[in-house]
Amino acid sequence: MSEALVFYFLAGLAIMASALVIGQRNPMYSVLLLIASFGALAGLYIQLDAPFVAVAQIIIYAGAIMVLFLFVVMLLNAPQEDAAGWDRSHPLRRPGMSRIGALLALLLVVQLAWAVLSMSGVEAPAGTGGDAVSSVRALGRTLFTDYVFAFEATSILILVAMIGAVMLARREGDEA
Amino acid sequence: MGLQAYLILAAVVFCIGLFGVITRRNTIGILLGIELMLNSVNINLVAFARYSGDVTGMVFTVFTICITVTEAALGLAIVILLFRVRRTVTADHLDLLKG
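What counts and what doesn't
Residues numbered from 1 in each chain as written. Chains lettered and ligands numbered in written order. Predicted model: local features only at pLDDT ≥ 70, side-chain atom pairs only at ≥ 80, totals over all residues. Heavy atoms only, no water. Helix = DSSP H or I, 4+ residues; strand = E, 2+ residues; numbered from the N terminus. Buried < 20%, exposed > 50% of the residue type's maximum accessible area, 1.4 Å probe, protein only. Contact = heavy atoms within 4.5 Å. Areas by Shrake-Rupley, 256 points an atom, 1.4 Å probe, with all protein chains shown as cover. Buried area = accessible area lost by both parts, 1.4 Å probe. Salt bridge = Lys/Arg side-chain N within 4 Å of Asp/Glu carboxyl O. Polar contact = N/O pair within 3.5 Å; in protein donor to acceptor, adjacent residues only side chain to side chain. Nonpolar A, V, L, I, M, F, W, Y, C, P; charged D, E, K, R; others polar. Core = buried A, V, L, I, M, F, W, Y, C linked by side-chain atoms within 4.5 Å. Phe/Tyr/Trp six-rings, centres within 6.5 Å; stacked < 30°, edge-to-face > 60°. Expected span 1.5 Å × (residues − 1). Arc of directions from axis to C-beta. Axes fitted to C-alpha atoms, helices over the stretch in contact; angles between N-to-C directions. Parallel < 35°, antiparallel > 145°, perpendicular 65-115°, else oblique.

Overview of the overall build of chain A
For chain A, the helix and strand inventory stands at seven helices and zero strands. For chain A, the succession of helices and strands along the chain, N to C, is α-α-α-α-α-α-α. Expressed as a percentage of its 176 residues, the buried residues of chain A come to 30%. Excluding contacts between residues fewer than 6 apart, the proportion of contacts in chain A whose partners are at least 24 apart in sequence is 51%. Looking at chain A as shown, the accessible area adds up to about 10,900 Å², and 70% of this sits on carbon and sulfur atoms.

What follows is the structure, given as structure tokens:
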């Protein structure tokens, strides 16, 4: 019972924070609310017996990516989105269109929920103890045996992204 | 809690992110929407891993997190570059490739 209460609390927190991320006009508040959303999701991962993913979520998302976002938001001093500056001649840019978009998004949620609920669900978690899933040892063993090629490819991907980011953000006149 | 509750939560978060990507006019807001969508995928992967007793889902979550890091780094580098060229981050004004 308490497990359900924790789930509803964290899920409600995550959904509220995510909706406010999109609703906010100030990008600074958006980033801070996204950190709250990620924290709630990390709590859900702990409830799903995935402590490693929860810790990685906190360290990488909230610690690294969001600090990067905050840094860029402050660096650019990005202004609030101006509602007056739109080109109103285009039919898709009228102010009321976002409400229709929200309605369509809600429709997509209802459709997906209907699809999920109509499948034959797995009610009880497999393996009541959950030790096979929750242990970091099993995760590491799978990562470095079955998926070692994908792991190495990911490291090359990150290296390429790092070099690409440096190349993109470099000033034109700099000595290479 | 059943598996379906987690799947519905992931669907809701995904749709919020998709709505944000389509409607936000700030380029950084669009990137935040993409982060939300990738996180909803993580919820699905972890929930399926837990309910099927297979650790593979969590391995893929690790890969998803890595790819999100590269996406954020490159996206923000492009945002900085665009701001340097055009002095704005509003997506409506970024029409450099418009013929």
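Side note on the side chain of T68 of chain B
Within the secondary structure layout, T68 of chain B lies in helix α3 (residues 56–86). For T68 of chain B, a relative accessible area of 0% puts it in the buried group. The contact partners of T68 of chain B, leaving out residues within four places of it in the chain, are Y61 and I65 of chain A together with E35 and L38 of chain B.

Quick look at the interface of chain B and chain A
Between chain B and chain A, the residue contacts involve 64 residues of the former and 84 residues of the latter. Summed over both partners, the interface of chain B with chain A comes to about 6,800 Å²; 77% of that surface belongs to carbon and sulfur atoms. Our enumeration of links across chain B and chain A arrives at one salt bridge. Linking chain B with chain A are eight residue pairs in polar contact (both at pLDDT 80 or more), by the criterion used here. The set of elements that each furnish at least two residues to the side of chain B that touches chain A consists of α1 (3–23), α2 (27–52) and α3 of chain B. For the side of chain B that touches chain A, the element with the highest residue contribution is α3 of chain B, accounting for 24 residues. A breakdown of the residues in the side of chain B that touches chain A according to their chemical character gives 44 nonpolar, 13 polar and seven charged.

Side note on the nonpolar core
M66 and F69 of chain A are the most contacted members of the largest nonpolar core, which totals 60 residues. Going through the elements one at a time, α1 (2–23), α2 (27–47), α3 (51–76), α4 (97–118) and α6 (136–145) of chain A together with α1, α2 and α3 of chain B are the ones with two or more residues in this core. For this core, the leading source of residues is α3 of chain A, giving eleven residues. What M66 of chain A contacts, discounting residues up to four positions off in sequence, is V31, L34, I35, F38 and Y61 of chain A together with L32 of chain B.

Observations regarding the packing of aromatic side chains
On inspection of all chains with the given rule, the structure shows seven aromatic pairs over all chains. Taken together, a centroid distance of 4.7 Å and an interplanar angle of 70 degrees make the contact between F7 of chain A and Y6 of chain B edge-to-face. Placement of F7 of chain A in helix α1 and of Y6 of chain B in helix α1 is noted, with the two residues assigned to different chains. Seen in terms of ring centroids, F38 of chain A and Y61 of chain A are 4.7 Å apart; in terms of plane orientation they differ by 55 degrees. Their pairing is tilted. Of this pair, F38 of chain A sits in helix α2 while Y61 of chain A is found in helix α3, placing the two residues 23 residues apart along the sequence. Here a set of aromatic residues connected by ring pairs shows up, and it is made of F7 and Y8 of chain A together with Y6 and Y51 of chain B.

Observations regarding helix α7 (residues 148–169) of chain A
The end-to-end C-alpha distance of α7 of chain A, which contains 22 residues, comes to 32 Å, matching closely the 32 Å that a straight helix rising 1.5 Å per residue would cover. Among all positions of α7 of chain A, only T154, A161 and A165 of chain A are buried. With its buried residues spanning 30 degrees around the axis, α7 of chain A presents them on a single face. The exposed set on the far side of α7 of chain A, more than 90 degrees from its buried face, consists of F149, I156, V160 and V166 of chain A. Against α3 of chain B lie the buried residues of α7 of chain A.

Regarding the packing of α2 of chain A against α2 of chain B
Interhelical geometry of α2 of chain A versus α2 of chain B gives an angle of 0 degrees and a closest axis separation of 11 Å. Relative to α2 of chain B, the element α2 of chain A lies roughly parallel. Seen from α2 of chain A, the contacting residues are S30, V31, L34, S37, F38, L41 and Y45 of chain A; seen from α2 of chain B, they are L32, E35, L36, N39, N42, I43 and V46 of chain B.

Examining the pattern of salt bridges
Going through the model one piece at a time under the given rule, you end up with one salt bridge over all chains. For D49 of chain A, the salt bridge identified is with R50 of chain B, shortest N-O distance 3.0 Å. One end of the pair, D49 of chain A, is in the loop between α2 and α3; the other, R50 of chain B, is in helix α2, on a second chain. By relative accessible area, which is 24% here, D49 of chain A ends up partly exposed. Residue classification places R50 of chain B among the buried positions, given a relative accessible area of 7%.

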